[in-house]
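Notes for the structure review
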Amino acid sequence: MKKNILVIPGDGIGPEVTTWGKAILEQIAEDFGHEFTFDEALMGHAAIEATGNPLPDETLEKAKKSDAILFGAVGHAMYDNDPSLKVRPEQGLLKIRKELGLYANLRPILLFDELLNASSIKASILKGTDILFFRELTGDVYFGEKTRSEDRNTASDLMIYHRYEVERIARKAYEAAMQRNKRLCSVDKANVLESSRLWRETVQAISKEYPEVKTEHMFIDNAAMQLIKDPKQFDVVLTANLFGDILTDEASQIAGSMGMLASASIGDGTGFFEPIHGSAHDITGKDLANPLASILSVALMLEIGFGLKEEAKVVVAAVDKALKEGFRTNDIADGTTNPYNVLGTKEMGKLVLKFIAQTAYTN
Ligand code: IPM
Ligand code: MG
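None of these values were measured; they are calculated from a predicted model.

Some thoughts on the pairing of strand β3 (residues 68-73)
When you tally the buried positions in β3, you get six out of six residues, the bulk of the element. Bridge count between strand β1 (residues 2-10) and β3: five bridges; the pairing is parallel. Bridging from a neighbouring strand, Ile 5 pairs with Ala 68 of β3. Bridging between β3 and strand β12 (residues 271-275) involves three bridges; their strand directions are parallel. Residue pairing in the sheet places Leu 70 in a bridge with Phe 273 of β12.

Details of the site of ligand 1
As a structural note, the neighbourhood of ligand 1 is formed by Glu 90, Arg 97, Arg 107, Arg 135, Tyr 142 and Asp 245. A distance of 2.8 Å separates an oxygen atom of ligand 1 from a polar atom in the side chain of Arg 135. A distance of 2.6 Å separates an oxygen atom of ligand 1 from a polar side-chain atom of Tyr 142. Residues that form the shell around ligand 1 fall into these classes: one nonpolar, no polar and five charged. Here the shell around ligand 1 spans two domains, since at least three of its residues come from each of domain 1 (1-110 + 259-363) and domain 2 (120-255).

Observations concerning the domain arrangement of the protein chain
Partitioning the protein chain into domains gives domain 1 (1-110 + 259-363) and domain 2 (120-255). On a C-alpha basis, the centres of domain 1 and domain 2 stand 24 Å from each other. On the domain 2 side, the residues contacting the 18 residues of domain 1 number 21 residues. The contact between domain 1 and domain 2 buries some 1,900 Å² in all, and 65% of this surface belongs to carbon and sulfur atoms. When the buried surface of domain 1 facing domain 2 is broken down by residue, Tyr 103, Arg 107 and Ile 109 rank first, second and third, together holding 41% of it. Our count for the domain 1 to domain 2 interface comes out at zero salt bridges. Between the two partners, domain 1 and domain 2, sit seven residue pairs in polar contact (both at pLDDT 80 or more). Of all elements in the fold, only α5 (89-99), β4 (104-109) and β11 (262-266) reach the threshold of two or more residues within the side of domain 1 that touches domain 2. It is β4 that provides the largest number of residues to the side of domain 1 that touches domain 2, a total of six residues. Looking at the side of domain 1 that touches domain 2 residue by residue, the class counts come to 12 nonpolar, three polar and three charged.

Quick word on the pattern of salt bridges
Taken as a whole, this structure holds 18 salt bridges when the rule is applied. Residue Arg 180 pairs with Asp 130 through a salt bridge whose shortest N-O separation is 3.3 Å. Taken together, the positions of Arg 180 in the loop between α7 (163-179) and β8 (183-188) and Asp 130 in the loop between α6 (123-126) and β5 (131-136) put the pair 50 residues apart, joining distant regions of the chain. The class of Arg 180 is partly exposed, set by a relative accessible area of 24%.

Overview of the side chain of Ser 265
Among the structural elements, Ser 265 can be located in strand β11. Among the polar contacts listed, one links the side chain of Ser 265 to the side chain of Asn 105, at a separation of 3.1 Å. Among all residues touching Ser 265, those that are not within four sequence positions of it are Leu 102, Ala 104, Asn 105, Leu 137, Gly 271, Phe 272 and Glu 274.

Observations concerning the packing of aromatic side chains
Evaluated as defined, the whole model comprises four aromatic pairs. Both rings, one in Tyr 174 and one in Tyr 210, keep their centres 5.0 Å apart while their planes meet at 10°; by these two values the pair is stacked. Taken together, the residues span a long stretch of sequence, with Tyr 174 in helix α7 and Tyr 210 in the loop between α8 (194-207) and β9 (214-219) at a distance of 36 residues. According to the relative accessible area criterion, Tyr 210 is buried, its value standing at 9%. Lying across the ring of Phe 143, Lys 98 places its NZ or CZ 4.8 Å from the centre.

Here is what the cut-offs are and how they apply
Residues numbered from 1 in each chain as written. Chains lettered and ligands numbered in written order. Predicted model: local features only at pLDDT ≥ 70, side-chain atom pairs only at ≥ 80, totals over all residues. Heavy atoms only, no water. Buried < 20%, exposed > 50% of the residue type's maximum accessible area, 1.4 Å probe, protein only. Helix = DSSP H or I, 4+ residues; strand = E, 2+ residues; numbered from the N terminus. Pairing = 2+ DSSP bridges. Near = heavy atom within 4 Å. Polar contact = N/O pair within 3.5 Å; in protein donor to acceptor, adjacent residues only side chain to side chain. Nonpolar A, V, L, I, M, F, W, Y, C, P; charged D, E, K, R; others polar. Domains from an automatic or database assignment. Contact = heavy atoms within 4.5 Å. Buried area = accessible area lost by both parts, 1.4 Å probe. Salt bridge = Lys/Arg side-chain N within 4 Å of Asp/Glu carboxyl O. Phe/Tyr/Trp six-rings, centres within 6.5 Å; stacked < 30°, edge-to-face > 60°. Lys NZ or Arg CZ within 6 Å of the ring centre and 35° of its normal.

Shown next as structure tokens:
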């Protein structure tokens, strides 16, 4: 298979982790006889520094022409502490999501048994959890009108949804539920918000097209609590942009660390694959970042983006093997980890690469 992949490393630990995502893709191409070609582009703070624009036209053009995008992270400490800055790294990410029509963000909570003790939640509560989040990604308060009064003392962000936006992501989530355990929980705040009442009414209508799926509706505050209390009750979770942003950071703790969670953003065109973690300035350049979320994002690219199920399995199996053999990055190490098995970004990347190469060799 021939594919043209755009790598956007971005900021912070983005370049450190995407290096390994890309290396894995190269290894898979070699082992399975695919032809993956790569290009690279700027986004976020790196792009602002170079061009003044968090999403340069050149990046967008390359993105539109590519078959898939592997993305790292955007953000920089200087913006976090200065809300008055008008040009911000995150604008690049939001714009590319909108421009590429990436309305569905899939965030699987993939729980490796070996990491049950890395979570702050009890292993007995976590074991057996398997959740797939569908976070709406191009609507909501993220993209609604923003205002600031002249005296600067009042501000607003419009929380807005159109029926078609809810319909299209709901269909995608129901299709996934049909392939899984046929349970779907739609999360909203319909007891307070009009946009959530539209959300709920629309999901109720779509649910009729999928009578085999057991649909449940939950308020966001309750969902945030239930996720910690009894995560196993969830199969597919469908929710809006802001609620999904918050809930999936929370859910990452079920998998042990933000450093483990991958995501796929899809729409009708090119798919975009990225870890859910951010730029993590505190550990940037220290070889401490966990490359597994980027590597697992590559598995999602292979499976969802290119339909290469076997290749995706090999990548996940290699990650599993590294964990089974006791290797950890700092974020997922616990009291029982042998200190010699705590690896830096590079060592962990190399190890997974080696396991992938070995699988190909033994087959
Ligand atoms: C995410 C991130 C982004 C978001 C930021 C960086 C704009 O937190 O992908 O979850 O809020 O969507
Ligand atoms: Mg987030």
